[in-house]
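Chain by chain, the residues:
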Amino acid sequence: MRKALVTGSSRGIGRAIVLELARQGNAVVVHYGSNRSAAEAVAEEARALGAAEVVLLGADVSKPTEAARLVVEAGAALGGLEVLVNNAGITRDTLLIRMKDEDWDTVIQTNLTGVFHTTREAVKLMMKARWGRIINITSVVGLLGNPGQANYVAAKAALIGFTRSVAKEYATRGITVNAVAPGFIESDMTSKLPEAVQAEYLKQIPTGRFGKPEEVAQAVAFLASEGAAYINGQTLCVDGGLTPH
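Residues numbered from 1 in each chain as written. Predicted model: local features only at pLDDT ≥ 70, side-chain atom pairs only at ≥ 80, totals over all residues. Heavy atoms only, no water.

Labelled according to an unreviewed UniProt entry, the chain appears under the name 3-oxoacyl-[acyl-carrier-protein] reductase, originating from Meiothermus granaticius NBRC 107808. Recorded in UniProt under Catalytic activity (unreviewed entry), the annotation for the chain is "a (3R)-hydroxyacyl-[ACP] + NADP(+) = a 3-oxoacyl-[ACP] + NADPH + H(+)". UniProt's Pathway (unreviewed entry) comment on the chain is quoted here verbatim: "Lipid metabolism; fatty acid biosynthesis." (UniProt positions renumbered as here; feature names shortened; annotations may be inferred.)

**Quick word on the UniProt feature "active site" (unreviewed entry) in the chain**
Per the UniProt entry, the sites bearing "active site" (unreviewed entry) are Tyr152 in this numbering. Excluding residues that lie within four positions of it along the chain, tyrosine 152 makes contacts with Ile90, Thr91, Val107, Asn111, Ser139 and Val141. (Contact = heavy atoms within 4.5 Å.)

**What to know about unusual backbone geometry**
Residue arginine 130 is not a glycine yet carries a positive backbone phi of 55°. Turning to its location among the elements, arginine 130 is positioned in the loop between helix H4 (101-129) and strand S5 (132-137). When its relative accessible area of 48% is taken as the criterion, arginine 130 is described as partly exposed. (Helix = DSSP H or I, 4+ residues; strand = E, 2+ residues; numbered from the N terminus. Buried < 20%, exposed > 50% of the residue type's maximum accessible area, 1.4 Å probe, protein only.)

**Considering the UniProt feature "binding site: NADP(+)" (unreviewed entry) in the chain**
Per the UniProt record, "binding site: NADP(+)" (unreviewed entry) is found at Gly8, Ser9, Ser10, Arg11, Asn87, Tyr152, Val153, Ala154, Ala155, Lys156 and Ile185. Spanning 178 residues, the named residues do not form one spatial group; their C-alpha atoms are separated by as much as 24.5 Å. In this structure serine 9 touches Gly14, Arg15, Val18, Val29, Val30, His31 and Val42, once residues within four positions along its chain are discounted. Inspection of the secondary structure assignment puts arginine 11 in the loop between strand S1 (3-6) and helix H1 (12-23). Assessed through its relative accessible area of 62%, arginine 11 is described here as exposed.

**Regarding the pattern of salt bridges**
One pass over the full model with this rule turns up 11 salt bridges. Glutamate 82 serves as the salt-bridge partner of arginine 2, at 3.0 Å between the closest nitrogen and oxygen. In this pair, arginine 2 sits in the segment before S1 while glutamate 82 sits in the loop between helix H3 (64-78) and strand S4 (83-86), placing the two residues 80 residues apart along the sequence. One salt bridge in this structure joins arginine 15 and glutamate 45, with 2.8 Å as the shortest N-O distance. (Salt bridge = Lys/Arg side-chain N within 4 Å of Asp/Glu carboxyl O.)

**Brief notes about H4**
End to end, H4 covers 41 Å across 29 residues, agreeing with the expected 42 Å (1.5 Å per residue, within 8%). One or two positions beyond H4, positive phi appears at arginine 130, with a value near 55°. (Expected span 1.5 Å × (residues − 1).)

**Here's the deal with the pairing of strand S3 (residues 53-58)**
As defined by bridge partners, strand S2 (residues 27-32) adjoins S3 across six bridges and the pair is classed as parallel. Considered in S3, the bridge of tyrosine 32 is made with glycine 58. (Pairing = 2+ DSSP bridges.)

**Some points on the sheet that holds strand S7 (residues 235-238)**
Strands in a sheet are paired, the pairing made by backbone hydrogen bonds, and the direction either parallel or antiparallel. The seven strands lie next to each other as S3-S2-S1-S4-S5-S6-S7, forming an open sheet whose pairing is parallel. Each having just a single partner strand, S3 and S7 make up the two edges of the open sheet. Here the strands of the sheet are splayed against their neighbours by 20° on average, with no regard to which way each runs. Each of S1, S2 and S3 touches H3; the most contacted strand, S3, lies at about 155° to it. The strands that helix H6 (residues 150-170) touches are S5, strand S6 (175-182) and S7; relative to S6, the one it contacts most, it runs at about 160°. (Axes fitted to C-alpha atoms, helices over the stretch in contact; angles between N-to-C directions.)

Spelled out as structure tokens, the structure:
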């Protein structure tokens, strides 16, 4: 049984990660930014699946003090913290020429700087235990680029570099740091796309389908396990073969 915090876990991929960790009998912190009722529903699902313990915590990870507080409170509630999944993220999509300073700053502050603050606090707890797993949820667009998402892509690409650096800093302390890069995943956003647009995206994916949040969650759960102890500083693409290597 491990003690895990998953940021941005009231819906989507974050929700799926919490439920997969719960299914494996871990203790989990369900984090939300503003939608407490959705987070409560996830917490109930996690309990029903057999989580050792479920804690609900709210915080705005774009604010340094709140991001740090979230980790401290998670560690206090669970009696330690062994797994941190940095999943919280937002988008403010528009072409660069139309992008406002606020669009840039908000995305970078949430998707990148927030990860810096949560990770710095989590490492302190993991160093004491000499065991830890940090998994950062990036995106294939951080490797490929995407028009209309300069802010989001910049944050996700930087997250890959951040992962590699922190992985080298704390490997001797029993802490591994890896990233998971989802491709096109079934979500409310993809389901609302016109059929023609979905068909065009599908042409780019060798497997010919969108991924499921649960498939990302299973990859994260493996990286959080003892079996992944010799995997460090890597970015695992869960994208049906979309990203060339």
